[in-house]
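Each chain, written out:
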Amino acid sequence: MPEPPSLPGASSQPLPPLSGLLCVDLKGFTELPGAVHASVSAYLEPVIDAALTAAGLDGIRTAKRFLANSGDGVAFGFDPALLGFVVHPFLDRLDEELGKHNADSGHIRLRMRAGIHSGHVTPESAPGEGNGPARNELHRLLDSREIKAVLARASSETTHLVAIISDRVYEDVVASQHTGLHPDRFQSVLATVPGKAFARRAWLYVPTPSGNLLATPGCVPSRRPSALRGLFTAFGRLSSKINPLLDRIDPHRSTGGTDSWL
């Protein structure tokens, strides 16, 4: 039996090792028939492994740290030196694997949220391996209303994956250009979780956005042209009634060019 936990602060302690952290979660898993839950859960890691291989990350595939399958998701740690490669090209390859799977009408559609973070967690083979504040924060990011809202709003036909990365990963990997994605491909959000005292700056990335996600206020057609057309139509009707009256008063007035009134 392990020693009972004691309060920290009495003496300094070495930091747990730094680890890269990845977690994916399926959208709508609980809405699937119970008969397919086991097969869907068992399929998650092979999809991730295929994407890791396609991204040239077999080293991560064969050396996952503290792997955990929650039924509707998978989480594991990896060498933090490879964070840039997990951001890109892995996320794009995972999106492609999901797209190929979903293209078959006989398959249960799989759409995912993915989260990437890094931090100090309990090392492997130690009690509570993989645990720590960084692991908790990763799951909060993945459960945030912001990433769920984007995946829910996106077209299920084109957007198979939405990713969220922590601000730490963004600064260490994206802003410093240690990955193949330009910083402008990411959208800053304040990630929040309903019912939790949690609010963190994070960054969203959508490998294949659907058209509605690209809509901005400037892309919405203005109503002014139709209003102006209505105004000109009214003037045209007024002109057709007034001009004949003016012609009776002054038969010699100009009816064309810049001298005409209407």
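This text gives an overview of the structure that appears in the document. For clarity, every value in this text was computed on a predicted model and none was experimentally measured.

## Overview of the pattern of salt bridges
One side chain can pair with another of opposite charge once the charged atoms of both are near each other. Using the criterion set out here, one finds ten salt bridges in the structure. A salt bridge links Glu96 to Arg93; the nearest nitrogen and oxygen atoms lie 2.9 Å apart. Within this pair, Glu96 and its partner Arg93 are both found in helix H3 (residues 83–102), separated by three residues, close to a single helical turn. The exposure class assigned to Glu96 is partly exposed, which follows from its relative accessible area of 40%. Where salt bridges share partners, they join Asp25, Arg113 and Asp143 into one cluster.

## Things to note about H3
Here H3 contains 20 residues, and its C-alpha end-to-end distance of 27 Å stays within 8% of the 28 Å for a straight helix at 1.5 Å per residue. The principal kink in H3, of about 40 degrees, is found at Phe90. Most of H3 sits inside the fold, with 14 of its 20 residues counted as buried.

## Describing the layout of surface pockets
Taken as a whole, the largest pocket holds about 280 Å³ of empty space. Around the largest pocket sit Val150, Arg153, Asp184, Arg185, Phe186, Gln187, Val189, Leu204, Val206, Pro209, Leu213 and Leu214, which together line it. Its residues assigned to classes, the lining of the largest pocket shows eight nonpolar, one polar and three charged.

Cut-offs used in this document
- Counting starts from 1 at the beginning of each chain's written sequence and moves along it residue by residue.
- Local features in this predicted model are restricted to residues of pLDDT 70 or higher, and side-chain atom pairs are both shown and tallied only at a pLDDT of 80 or more, whereas totals for entire chains, interfaces and linings draw on every residue.
- Side-chain numbers come from the whole structure's heavy atoms, not from hydrogens or water.
- One side-chain nitrogen of Lys or Arg within 4 Å of one carboxyl oxygen of Asp or Glu is enough to make a salt bridge.
- Secondary structure follows DSSP: runs of H or I at least 4 residues long count as helices, runs of E at least 2 residues long count as strands, and numbering of each begins at the N terminus.
- Classification of residues uses two cut-offs on accessible area relative to the type maximum, computed with a 1.4 Å probe and protein chains only: under 20% is buried, over 50% is exposed, and between them is partly exposed.
- One less than the residue count of a helix, multiplied by 1.5 Å, gives the span that helix is expected to have.
- Take the seven residues that end at a residue and the seven that start at it, fit an axis to each, and the angle between those axes is the bend at that residue.
- Think of a 1 Å grid over the protein atoms and nothing else: a 1.4 Å probe that fits but is trapped marks a cavity, an open set flanked by protein within 12 Å on at least five of seven lines marks a pocket, and residues with an atom within 4 Å of a point count as lining.
- Grid points are joined across faces, edges and corners, and a volume is the space filled by probe spheres set on the points.
- Basically, the charged four are Asp, Glu, Lys and Arg, the nonpolar ten are Ala, Val, Leu, Ile, Met, Phe, Trp, Tyr, Cys and Pro, and anything else, Gly included, counts as polar.

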